[in-house]
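The residues making up each chain are set out below.
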Amino acid sequence: MARVILQNVWKRFGDAEIVKDFSLEVPDKEFCVLVGPSGCGKSTTLRMVAGLEEVTAGDIIIGDRRVNDLPPKDRDIAMVFQNYALYPHMTVYENMAFGLKLKKFSDPEISMRVKEAAEILGIAHLLDRKPKQLSGGQRQRVAVGRAIVRKPKVFLFDEPLSNLDAKLRVQMRAELKKMHERLQSTIIYVTHDQTEAMTMGDRICIMKDGSIQQVDNPLSVYEKPDNRFVGGFIGSPPMNFMEAEVIVRGEECFLNEGMFEIAVRRRYKDNVMPYVNKKLILGIRPEDIHDKLSFTLNLKEGNVMSGMVDVVEPLGSEIFLHVNTGKNEIICRVDAHSKVQPNNIIELVVDTRKIHLFEAETGCSILQ
Amino acid sequence: MTLYHIMKIKKYVNHAILYSLLILFGITMVFPFLWMLSTSLKDPSQVFTASLQLIPDPIVWKNYAEAWEAIPFGRFYMNSVAVALAVTLGQVLTSSMAAYAFSRLKFPGRDSIFLGYLATMMIPGMVVTIPVFILLKSLGWLDSYKALILPGVFSAYGTFMLRQFFMTLPADLEDAAKIDGCSLWRIYWQIILPLSKPALSTLAMFTFLGNWQSFFWPLVVTSSESMKTLPIGLSYFQDIYTTEWTLLMAGSIIVLVPALLVFILNQKFITQGIALTGLKG
Ligand SMILES: Nc1ncnc2c1ncn2[C@@H]1O[C@H](COP(=O)(O)OP(=O)(O)OP(=O)(O)O)[C@@H](O)[C@H]1O
Ligand SMILES: [Mg+2]
């Protein structure tokens, strides 16, 4: 098992800078998730770690070795591809055994490892089949099995679940996590799905346009996003953003959205003071905006807003409301038994402990 | 009559028309072969009768024996088989290797070299006959298997066709193989080739058939009897003054059989879709 370090890694295709000054240290045994929108360079980064793509500049270290110039097979990694990339002309057994054969393992050893992996993944009865005789979920398991049998130092996953249906994805998510616990291996896992990132990662690395935006554990990323992009990317439905002007009245500091005002808590006052009479981006997560009727706690002057309900989305466990404040369209989460109807006027309370504030130009958080 | 019935009848009529047309075309295609078969079993006196008699009376089997005796068929057969097989094997090998390089490896000037190679397809074969002849002559290879085989082993067309096919194979397979520890050679040999069976066998079939019936080139480069191939042998039946039609047709049938076999055996591969189902959906 081993750590993986990327030091100031760059990747250019011609003139296009795809990965920019990427530095990340993944400690031994960590499940690290690379997440970001489509085309942000996640796969490219992963492929550089695998050795399938050359590094334009910077260093990649696996264990204690700089591996920039090592071919993939000598890096002691295994990779699972989005489309599984099983060899169509080989049986499941042969697919899993292929790499071991090339490494000159003895036949009994190969057979033992393949059977063991097949047992773990519940595909022992499929070993004689060809990939085309398998369902999507089974192929996915075989692809994982092919990685497991090699007992690599590092597993690399490139969106391995994105071709599965929603139910199977949830199931495989849990299974991969269990597998990680059992194998105690280092994993770098690429996905564009923030739910996968949140549920699976020990740490999440959020990327945008080839640069790292934030690296932290899921909860910190969720509660303390470094910038507006992270705040908007992590969480579903996404964080509400609105422009608000900072104004001071007496001792108190307020954020004025235009239609309503929110009092800034005392502990954030120092962060906000430099922006008096300037605009900030106010970020509030849907679950931090409450129906005034059901929210009795901590009701203070200056954190109530009202708006007209546009859309009601009942999910069973909760209801999401799309509310128009007059200036912004926001989403908030209310109780599943709320009787709110479209076109109702609703009063909402903002939990001021949970607000996020970002600089208007740079999008950086000012609350850190 | 309901609408349903009318539609059903319409469907039958449509099918009837379609099938009649297809059968008509089928007969037009097959008829020359049947006529050849028929002639090969006729008595020489019946070849040019006015009536269109498809089943000869009497059936003259001995035409075949005579044709076989008339020229050194055994030797020609062996030459033809050896040359066609060697050219086919060689061409499939060189074409697939070149195609792999042109489709999968990255090296400077790759695409311009490929374009240059393709451009050679624009040059008619006749134009290079004399240069190649002179080349073989100066190598001292005339009238040998080398002369019959080597010029046919390299093919821009085969390279082009296989390159196009290889480019449709998913790159992830190769990446997976690299991680599994394959060298480039092994990727070519154990991943690319097995997945390209349909394309390879199509190329092999066309090469074999093309070579089997090749007349001009063997005629040009061979002089001794022991180097001749079947198509040249057949031309022996055709004299300036007389042509022994029954023997010529019997000989042609004998020559045709292996080609037909190759075609029938390959049909499965050619019509078979490409099973790339190790990949999604
Ligand atoms: N070989 C290449 N040549 C040129 N550009 C490339 C190459 N490979 C990838 N790119 C570009 O690099 C960018 C990042 O690609 P990459 O595959 O890493 O994105 P990704 O984050 O994995 O996206 P997705 O979630 O869609 O898989 C894309 O804009 C892509 O067009
Ligand atoms: Mg990708």
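The rules we used
Residues numbered from 1 in each chain as written. Chains lettered and ligands numbered in written order. Predicted model: local features only at pLDDT ≥ 70, side-chain atom pairs only at ≥ 80, totals over all residues. Heavy atoms only, no water. Helix = DSSP H or I, 4+ residues; strand = E, 2+ residues; numbered from the N terminus. Contact = heavy atoms within 4.5 Å. Areas by Shrake-Rupley, 256 points an atom, 1.4 Å probe, with all protein chains shown as cover. Lys, Arg positive; Asp, Glu negative; His and termini not counted. Charge placed at Lys NZ, Arg CZ, Asp CG, Glu CD. Pairing = 2+ DSSP bridges. Domains from an automatic or database assignment. Buried area = accessible area lost by both parts, 1.4 Å probe. Salt bridge = Lys/Arg side-chain N within 4 Å of Asp/Glu carboxyl O. Polar contact = N/O pair within 3.5 Å; in protein donor to acceptor, adjacent residues only side chain to side chain. Nonpolar A, V, L, I, M, F, W, Y, C, P; charged D, E, K, R; others polar. Near = heavy atom within 4 Å. pLDDT = per-residue confidence, 0-100. Axes fitted to C-alpha atoms, helices over the stretch in contact; angles between N-to-C directions. Parallel < 35°, antiparallel > 145°, perpendicular 65-115°, else oblique. Left-handed = near helix turned anticlockwise from the far one by under 90°.

Structural notes on the overall build of chain A
(1) Moving on: Of regular secondary structure, chain A possesses nine helices and 20 strands.
(2) Moving on: Each of the three principal axes of chain A carries a C-alpha extent, and together these read 80 × 45 × 35 Å.
(3) Moving on: A fraction of 65% describes how many contacts in chain A between residues 6 or more apart in sequence connect residues 24 or more apart.
(4) Moving on: Summing over all exposed atoms, chain A offers an accessible surface of approximately 16400 Å²; the carbon and sulfur share of this is 48%.
(5) Moving on: Placing the 50 positive and 51 negative side-chain charges of chain A at their respective mean positions leaves the two points 6 Å apart.

Digging into the pairing of strand β2 (residues 16-26) of chain A
Residues and elements named next belong to chain A.
(1) Moving on: Pairing of strand β1 (residues 4-13) with β2 involves seven bridges; the strand directions are antiparallel. Note that in β2 the partner of V4 across the bridge is V26.
(2) Moving on: Counted between consecutive antiparallel strands, the loop separating β1 from β2 contains two residues, among which G14 sits at a positive phi close to 65 degrees.

A few points about the domain arrangement of chain B
Residue and element names in this part refer to chain B.
(1) Moving on: What the domain assignment reports for chain B is domain 1 (3-46) and domain 2 (71-280).
(2) Moving on: One C-alpha centre belongs to domain 1, the other to domain 2; they are set 34 Å apart.
(3) Moving on: If you look at the interface, domain 1 gives eight residues, while domain 2 gives seven residues.
(4) Moving on: Carbon and sulfur atoms make up 88% of the surface buried where domain 1 meets domain 2, a total of about 580 Å² over both sides.
(5) Moving on: When residues of domain 1 are sorted by the area they lose upon contact with domain 2, M36, T39 and S40 head the list and together hold 70% of the total.
(6) Moving on: Counting across the domain 1 and domain 2 interface gives zero salt bridges.

Thoughts on the domain arrangement of chain A
(1) Moving on: Each domain of chain A was delimited in the assignment, giving domain 1 (4-226) and domain 2 (240-359).
(2) Moving on: Spacing between the C-alpha centres of domain 1 of chain A and domain 2 of chain A amounts to 40 Å.

Digging into the interface of chain B and chain A
(1) Moving on: Taken together, the contact between chain B and chain A spans 22 residues of the former and 26 residues of the latter.
(2) Moving on: Carbon and sulfur atoms supply 62% of the area that chain B and chain A bury against each other, a total of about 2200 Å² over both sides.
(3) Moving on: Counting across the interface, chain B meets chain A through one salt bridge.
(4) Moving on: For D175(B), the salt bridge is made with R47(A), and the minimal N-O distance between the two is 2.8 Å.
(5) Moving on: Across the contact surface, chain B and chain A share seven residue pairs in polar contact (both at pLDDT 80 or more).
(6) Moving on: Counting residues per element, the ones that place at least two in the side of chain B that touches chain A are α8 (171-180) and α9 (184-195) of chain B.
(7) Moving on: Here the side of chain B that touches chain A takes eight residues from α8(B), the largest share from any one element.
(8) Moving on: For the side of chain B that touches chain A, a count of residues per class yields 11 nonpolar, five polar and six charged.

Quick word on the site of ligand 1
Residue and element names in this part refer to chain A.
(1) Moving on: F13, I18, S38, G39, C40, G41, K42, S43, T44 and E159 make up every residue found near ligand 1.
(2) Moving on: G39 is positioned such that a nitrogen or oxygen atom in its backbone is 2.7 Å from an oxygen atom of ligand 1.
(3) Moving on: Within the contact set of ligand 1, an oxygen atom lies 2.5 Å away from a side-chain nitrogen or oxygen of S43.
(4) Moving on: Of all the elements, helix α1 (residues 42-50) adds the most residues to the shell around ligand 1, at three residues.
(5) Moving on: Taken together, the residues of the shell around ligand 1 sort by class into three nonpolar, five polar and two charged.

Description of the confidence of the model for chain B
(1) Moving on: When the pLDDT values of chain B are averaged, the result is 88; 94% of them are 70 or greater.
(2) Moving on: Across the interface, the model reports ipTM at 0.86; the global pTM reads 0.84.

Here we look at the environment of R265(A)
(1) Moving on: Following the sequence through the fold, R265(A) ends up in the loop between β13 (261-263) and α9 (269-272).
(2) Moving on: Sequence-wise, R265(A) and E252(A) are 13 residues apart; in three dimensions their C-alpha atoms are separated by 8.6 Å.

Brief notes about the sheet that holds strand β19 (residues 345-350) of chain A
Hydrogen bonds along the backbone pair up the strands of a sheet, which may run parallel or antiparallel.
Residue and element names in this part refer to chain A.
(1) Moving on: Read from one edge to the other, the open sheet built from five strands follows the order β15-β19-β16-β17-β18, with strand pairing classed as antiparallel. Looking at the sheet topology across the chains shown, the edges are occupied by β15 (289-291) and β18 (329-334). Here the strands of the sheet are splayed against their neighbours by 50 degrees on average, with no regard to which way each runs.
(2) Moving on: Summarising the sheet, strand β16 (residues 304-314) and strand β17 (residues 319-324) pair through six bridges and their orientation is antiparallel. If you follow V311 over to β17, its bridge partner there is H322.

Topic: the packing of helix α2 (residues 92-102) of chain A against helix α3 (residues 107-121) of chain A
All names here are of chain A.
(1) Moving on: Where α2 meets α3, the axes come as close as 10 Å, and the angle between the chain directions of the two elements is 135 degrees. Overall, the two elements α2 and α3 adopt an arrangement that is oblique. Like other packed secondary-structure pairs, α2 and α3 cross with a definite hand, here right-handed. Of the residues in α3, those touching α2 at Y93, M96, A97, L100 and K101 are I110, S111, R113, V114, A117 and A118.
(2) Moving on: For the contact of α2 with α3, the class distribution of residues is eight nonpolar, one polar and two charged.

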